[in-house]
Amino acid sequence: MKVLPSVLLTAALVGTAFGAPRVTPPSIPALPAATPASLLPELTPEAARPLPTSPLLPLSPAPAPIPARPLDPLFARQWNLQVIQMPGAWAQLAGSGRGTPVTVAVLDTGFVNSPELAGRVVNGYDFVSDPARAGDGDGRDADASGVGKFAYHAEIIGNLIGAAHDGRGMAGINPQARVVQVRVAGTDGLVAPQDLADGLRWAAGLSVPGVPLNPHPARVLNLSLYADFIPLTGCDGRVQAAVDAVTARGALVVAGAANDGADASGYTPAGCRNVLTVTSVTEDGRRPSYANWGARVALAAPGGEPGHGIVSSSLSGPAGERSPNGTSFAAPHAAGVASLLFGLKPTLTPAQVRDLLTRTATPFPGGHCDPDPRKSCGRGLLNAAAAVRAVSGK
């Protein structure tokens with residue numbers, strides 16, 4: 001797997017937030033940023049360690065049914081799932097026989113063979129075009145394996161979306177989801193706009209010159225990152241064109257708002273049209289200081305705060321768990337719930353799912369997430385139970 005410093009919405013896993021200098025690859029000209037580049041404060045860098053073997057795994061044809069209540073040992077500490085009323089959503093789905101498996105693409109640091117996603121995760125494609133930043137000896141290739149000290153960022157994102165309810169580790173939002181890992185971040189944690197644009201198109205099943213078609217096109221694309229090498233003055237045109245294309249294809253793009261405590265409208269993809277932009281809140285519904293805000297934010301989901309993060313399974317963590325915080329981890333909550341809605345009603349359009357998730361959101365305590373009215377967090381807090389009820393009619 002690979003890492004996205006200012007790209008990853010984990011407080012930009014790698015970057016000033018972690019004390020590492022921001023590196024500009026010589027092959028990509030750097031443009032002045034409107035604000036200092038600060039990475040998401042989510043994961044601390046990991047010491048180098050061998051990654052698990054990463055074969056091109058097929059997706060299993062029949063994921064297990066969704067239980068009414070997970071028995072996974074970390075579930076009792078997954079406060080984030082209570083906040084978004086996930087148990088209420090599962091109760092509506094348990095034993096109903098409704099809902100089909102939906103594929104979610106995670107555009108991030110790359111593939112890690114997570115036990116939580118056994119039989120439901122695919123080693124997609126590596127879109128990091130600069131060999132100097134790829135860390136695997138070449139540019140783009142068919143092995144999306146994560147590389148470097150931030151390789152496990154994407155693993156956690158995938159686990160939040162779809163970890164199995166199997167009595168081990170954590171409980172994912174949609175344990176039937178199929179996850180395709182697409183690498184767009186270099187070992188430096190940076191994401192080049194054209195790499196991101198091509199990764200978006202490929203993930204949704206569209207053609208990209210020189211790259212074979214994705215055999216597992218996704219209905220939901222999770223982007224817990226933002227693009228580098230461009231000024232923070234609005235959505236990059238290359239990425240906007242890709243977002244528009246995948247939206248027309250029927251895929252929903254979900255993005256973290258980023259972790260600079262700034263207006264999300266200047267960021268790519270958070271500031272792009274046709275994107276469901278998600279910011280972070282704490283357990284009590286407050287906006288943590290790192291979380292971006294503003295008119296481009298559609299809604300909020302748990303992202304945690306230092307000392308009280310999102311409990312997750314990870315091969316990189318002590319005893320197999322981590323508790324990171326950042327908007328990187330807010331976005332997959334919405335992506336996971338969106339996958340449940342598409343599974344219940346495959347004819348839904350991306351616009352309809354965006355509307356459902358915002359319309360059913362829970363109002364913030366006191367009507368706002370921040371005392372400053374400029375620092376808005378969208379329509380409210382993601383409510384999985386209400387969203388599922390709106391689609392299933394229960």
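Higher on the page you've got the structure.
What counts, and at which threshold
Residues numbered from 1 in each chain as written. Predicted model: local features only at pLDDT ≥ 70, side-chain atom pairs only at ≥ 80, totals over all residues. Heavy atoms only, no water. Helix = DSSP H or I, 4+ residues; strand = E, 2+ residues; numbered from the N terminus. Buried < 20%, exposed > 50% of the residue type's maximum accessible area, 1.4 Å probe, protein only. Axes fitted to C-alpha atoms, helices over the stretch in contact; angles between N-to-C directions. Left-handed = near helix turned anticlockwise from the far one by under 90°. Contact = heavy atoms within 4.5 Å. Nonpolar A, V, L, I, M, F, W, Y, C, P; charged D, E, K, R; others polar. Pairing = 2+ DSSP bridges. Parallel < 35°, antiparallel > 145°, perpendicular 65-115°, else oblique. Salt bridge = Lys/Arg side-chain N within 4 Å of Asp/Glu carboxyl O.

Sorry, what's going on with the overall build of the protein chain here?
Helix and strand counts for the protein chain stand at nine helices and nine strands. Within the protein chain, buried positions represent 63% of all 394 residues.

Even after reading the chapter, I still don't get the packing of helix α4 (residues 153-162) against helix α7 (residues 327-344), so can you show me in this structure?
Angle between the axes and distance between the axes: these two values describe a pair of packed helices. Axis separation between α4 and α7 bottoms out at 8 Å; the angle between their running directions is 35°. Of the two possible hands of crossing, α4 and α7 adopt the one that is right-handed. Residue-level inspection shows His153, Ile156, Ile157, Leu160 and Ile161 of α4 in contact with α7, the latter providing Ser328, Phe329, Pro332, Ala335 and Gly336. Tallied by class, the residues present in the contact of α4 with α7 amount to seven nonpolar, three polar and no charged.

Help me understand the sheet that holds strand β1 (residues 103-108), please; the structure alone is not making it clear to me.
Two strands in a sheet stick together by hydrogen bonds in their backbones, pointing the same way (parallel) or opposite ways (antiparallel). As summarised here, the arrangement of the seven strands in space is β2-β3-β1-β4-β5-β6-β7, forming an open sheet in which the pairing is parallel. Taken across any chain shown, the strands that pair with only one partner, and hence form the sheet edges, are β2 (121-126) and β7 (299-302). For this sheet, the mean angle separating the axes of adjacent strands, direction not counted, is 25°. When strand β6 (residues 275-281) meets β7, the two strands line up parallel, connected through four bridges. In the strand pairing of β7, Thr279 is matched with Ala300. Contacts from helix α5 (residues 193-203) reach β1, β2, β3 (178-183), β4 (220-223) and β5 (252-256), with the element oriented near 170° to β1. Running at roughly 130° to β6, α7 makes contact with β1, β4, β5, β6 and β7 of the sheet.

I keep staring at the packing of helix α2 (residues 86-93) against helix α9 (residues 384-392) and nothing clicks. Help me out?
At a minimum axis separation of 6 Å, α2 and α9 run at an interaxial angle of 30°. The angle between the axes of α2 and α9 places the two elements in the roughly parallel class. Every residue of α9 that contacts α2 at Met86, Gly88, Ala89, Gln92 and Leu93 is listed here: Ala384, Ala385, Val388, Arg389 and Ser392. Residue composition of the contact of α2 with α9, grouped by class: six nonpolar, three polar and one charged.

So what exactly am I meant to see when it comes to the pattern of salt bridges here?
Oppositely charged side chains are able to pair whenever their charged atoms sit close together. Tallying each qualifying case throughout the model produces 14 salt bridges. Note that Arg140 is salt-bridged to Asp195, the shortest N-O span being 2.9 Å. Highlighted residues: Arg140 in the loop between α3 (131-134) and α4 and Asp195 in helix α5, separated in sequence by 55 residues. The shortest N-O distance in the salt bridge between Asp372 and Arg374 comes to 2.7 Å.

Got a minute to help me understand unusual backbone geometry in this structure?
Of note, the amide linkage connecting Thr268 to Pro269 takes the cis form, showing an omega dihedral of 15°. By the element assignment, Pro269 lies in the loop between β5 and β6. Despite not being glycine, Phe229 shows a phi value in the positive range, around 65°. With respect to the helices and strands, the residue Phe229 is situated in the loop between β4 and α6 (237-249). Note on Phe229: relative accessible area 7%, which makes it buried.

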